[in-house]
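What the coordinates show
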Amino acid sequence: CDLLCVLIHTDRNRSDYVTHIDQLLNGQIASLKQGGHFLGNALEQCLVIPHPSKGIKRVLLIGLGASKEISLELLRKAGGVAGSASTRKDCENVVLAVPSFSNTKVKSEDAGQAIAEGFNLGGYFNDSLKSGQPSRTRPGRVTILSSRAETATVKFGAARGLMISNLQNHCRDL
């Protein structure tokens, strides 16, 4: 994939999905956290170039703060950070790895909607009136990775969020 966006809480450092991704990255996430370079504070960002790449060109770590303080607005903003980064980096294939929303005050369906809305709205641009080559591109494929138990509800919410944000972006174009 061209860009892997990993949403990380400050207090869930040993989450399964973060552990698996960190193993894939040869411990780069753990090294950043131990060195204090990335703590996972709300909307904190850190761009990582994996070495060796293993098929991933860039990894964007996006902090969500403490899991008990999670909100739909924070998820929407985190999705917007990922969406904006995906257009600036000329990414064709983007993957968003999201935490489990069990044991939080946010429902997984609503979380999927907020993340998809944020991603689509954050990645919006309109250069139809500019001459020459487009300065940015939208990703061709976006995949949201979630826990196996929440996949269906996150997917349903993301589809709803995409529909709503597509309509909002259409209004921006008018």
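Since this is a predicted model, take the numbers as computed values, not measurements. (Residues numbered from 1 in each chain as written. Predicted model: local features only at pLDDT ≥ 70, side-chain atom pairs only at ≥ 80, totals over all residues. Heavy atoms only, no water.)

Quick look at the side chain of Ser108 now. Structurally, Ser108 can be placed in helix α4 (residues 108-122). Accessibility expressed as a relative area gives 13% for Ser108, which makes it buried. A polar side-chain atom of Ser108 sits 2.6 Å from a polar atom in the side chain of Thr153. Beyond its immediate stretch of four places on either side in the chain, Ser108 contacts Phe101, Glu150, Thr153 and Val154. (Helix = DSSP H or I, 4+ residues; strand = E, 2+ residues; numbered from the N terminus. Buried < 20%, exposed > 50% of the residue type's maximum accessible area, 1.4 Å probe, protein only. Polar contact = N/O pair within 3.5 Å; in protein donor to acceptor, adjacent residues only side chain to side chain. Contact = heavy atoms within 4.5 Å.)

Taken as a whole and judged by the stated rule, the model has five salt bridges. Glu117 serves as the salt-bridge partner of Arg76, at 2.8 Å between the closest nitrogen and oxygen. Residue Arg76 is found in helix α3 (residues 72-88), and its partner Glu117 is found in helix α4; the two are separated by 41 residues along the sequence. Judged by its relative accessible area of 24%, Arg76 falls in the partly exposed class. For Glu109, the salt bridge goes to Arg160, with nearest N and O atoms at 2.8 Å. With Glu109 in helix α4 and Arg160 in helix α5 (residues 151-173), this pair connects stretches of sequence that are 51 residues apart. We classify Glu109 as partly exposed; its relative accessible area is 26%. A relative accessible area of 25% means that Arg160 is categorised as partly exposed. Salt bridges linked by common partners bring Glu73, Arg76 and Glu117 together as one network. (Salt bridge = Lys/Arg side-chain N within 4 Å of Asp/Glu carboxyl O.)

Here we take up the nonpolar core. Residues Cys5, Leu7, Ile62 and Leu75 are the most contacted members of the largest nonpolar core, which totals 23 residues. When residues of this core are traced back to their parent elements, those giving at least two are β1 (3-9), β3 (58-65), α3, β4 (93-97) and α4. Top contributing element to this core by residue count: α3, with six residues. If near-sequence neighbours (up to four positions away) are discounted, Ile62 is found in contact with Cys5, Val6, Leu7, Ile8, Phe38, Glu44, Ala78, Val81 and Ala82. (Core = buried A, V, L, I, M, F, W, Y, C linked by side-chain atoms within 4.5 Å.)

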